Amino acid sequence: IFAGSIKIKTKMKKIGIFYGSTTGTTESVARIIAKKLGVSDENVHDASKLTKELVEGYEVLILGTSTWGDGEVQDDWYDALKILAGMNLTGKCVALFGCGDSESYSDTFCDGMGIIHDDLKATGCKFCGSIPVDGYTFDNSKAVIDGKFIGVAIDDVNEDGKTEERIDEWIKTLCINN
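What comes next is a walk through the structure. Every value quoted in this text rests on a predicted model; they were computed, and no experiment measured them.

### Brief notes about the overall build of the protein
If you tally the helices and strands in the protein, you get 5 helices and 10 strands. Whereas a compact globule of 178 residues would reach a radius of gyration of roughly 16 Å, the protein reaches 16 Å, a difference of no more than 12%. Its C-alpha atoms put the protein at 60 × 35 × 30 Å along the principal axes. Each of the 178 residues in the protein was classed as buried or not, and the buried ones make up 49%. Counting contacts in the protein only where the partners sit at least 6 residues apart, residues at least 24 apart contribute 75% of the total. Working note: accessible area of the protein is about 9,200 Å², and carbon and sulfur atoms make up 48% of it. A distance of 11 Å separates the average location of the 19 positive side-chain charges in the protein from that of its 29 negative side-chain charges.

What follows is the structure, encoded as structure tokens:
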């Protein structure tokens, strides 16, 4: 009888993190995520640098945006989303994170994340990383589907003490191992 445990070695998929950040908050969150996942700086990109060739080199895409104006994506995402929406992303796992202000913009909290999701639905990608809305205070969000956020929602303005914990819980839901 074998009483020991067997360790199964898993290979981490190649991860590319793309963020759109105006004030630096979303970039900071992207770098926290990268550090926690062991993703090197060369695989963390500003969304304004996104190209089809760059995306094709990754098996997992982690995409993050802040929400601006009346619930819009950060400016760097407009061209990046056109590129991604025109690609066949079948076989790629896409995980989302969004930054927002749940107090001042309670009706559009992290809507940018929902916009990215909606724009990429037809690309064939597999979304992962949805999390419960429990513990959040907001009125409405395009990033909520069937009672869950479609990625991790970060409010670093009002709830910065919850950022690390929320990222840690979200990471457990990602499709990053073979």
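Read on, since the account is not over.
### Here's the deal with the packing of helix α1 (residues 25-37) against helix α5 (residues 163-171)
Direction vectors running N to C along α1 and α5 enclose 50°, while the axes themselves pass 11 Å from each other. Between α1 and α5, the angle falls in the class oblique. Judged by the twist between their axes, the crossing of α1 over α5 is right-handed. Contact with α1, carried on its side by V29, I32, I33, K36 and L37, involves E164, I167, D168, W170 and I171 of α5 and no other residues of that element. Considered class by class, the residues forming the contact of α1 with α5 number 7 nonpolar, no polar and 3 charged.

### Observations concerning the side chain of S141
Among the secondary structure elements, S141 is positioned in the loop between β7 (131-132) and β8 (144-145). Within the structure, the side chain of S141 is placed 2.4 Å from the backbone oxygen of F109, a separation counted as a polar contact. Aside from chain neighbours lying at most four places away, what touches S141 is F109, C110, D111 and F149.

### Description of the pattern of salt bridges
Enumeration over the complete set of coordinates arrives at 9 salt bridges. The salt bridge partner of E164 is K36, with a shortest N-O separation of 2.8 Å. In this pair, E164 is assigned in helix α5 and K36 in helix α1, connecting sequence segments 128 residues apart. For E164, a relative accessible area of 40% puts it in the partly exposed group. In this structure, E159 engages R166 in a salt bridge whose closest nitrogen and oxygen atoms are separated by 2.7 Å.

### A word on unusual backbone geometry
A negative phi holds for most residues other than glycine; trans holds for most peptide bonds. Residue C110 is not a glycine yet carries a positive backbone phi of 55°. As for its placement among the helices and strands, C110 is situated in the loop between β5 (93-99) and α4 (111-120). The phi angle at D146 is positive, at roughly 50°, despite the residue not being glycine. Tracing the chain through its elements places D146 in the loop between β8 and β9 (148-149).

### Some details on the packing of helix α3 (residues 77-85) against α4
Following both chains from N to C, one finds α3 and α4 inclined at 25°, their axes separated by 9 Å at the closest point. As far as their axial angle goes, α4 and α3 are roughly parallel. In terms of crossing hand, the pair formed by α3 and α4 is right-handed. Facing α3, whose interface residues are W77, L81, L84 and A85, α4 presents I115, I116, D119 and L120. Considering only residue class, the contact of α3 with α4 consists of 7 nonpolar, no polar and 1 charged.

### Re the pairing of strand β3 (residues 60-68)
Burial analysis of β3 places 8 of its 9 residues in the buried class, which makes it a mostly covered element. For β3 and β5, the ladder comprises 7 bridges, and the chain directions are parallel. Across the sheet, residue I62 finds its bridge partner in β5, namely A95. Pairing geometry for β3 and strand β4 (residues 72-73), over 2 bridges, is antiparallel. From the neighbouring strand, T67 faces β4, where its bridge partner is V73. Between β3 and the antiparallel strand that follows it, β4, lie 3 residues; G69 among them carries a positive phi value of about 55°.

Cut-off values and rules
- Residues numbered from 1 in each chain as written.
- Predicted model: local features only at pLDDT ≥ 70, side-chain atom pairs only at ≥ 80, totals over all residues.
- Heavy atoms only, no water.
- Helix = DSSP H or I, 4+ residues; strand = E, 2+ residues; numbered from the N terminus.
- Rg over C-alpha atoms; globule rule 2.2 N^0.38 Å.
- Buried < 20%, exposed > 50% of the residue type's maximum accessible area, 1.4 Å probe, protein only.
- Contact = heavy atoms within 4.5 Å.
- Areas by Shrake-Rupley, 256 points an atom, 1.4 Å probe, with all protein chains shown as cover.
- Lys, Arg positive; Asp, Glu negative; His and termini not counted.
- Charge placed at Lys NZ, Arg CZ, Asp CG, Glu CD.
- Axes fitted to C-alpha atoms, helices over the stretch in contact; angles between N-to-C directions.
- Parallel < 35°, antiparallel > 145°, perpendicular 65-115°, else oblique.
- Left-handed = near helix turned anticlockwise from the far one by under 90°.
- Nonpolar A, V, L, I, M, F, W, Y, C, P; charged D, E, K, R; others polar.
- Polar contact = N/O pair within 3.5 Å; in protein donor to acceptor, adjacent residues only side chain to side chain.
- Salt bridge = Lys/Arg side-chain N within 4 Å of Asp/Glu carboxyl O.
- Pairing = 2+ DSSP bridges.

Without other data, these values stay purely geometric and don't point to any function.
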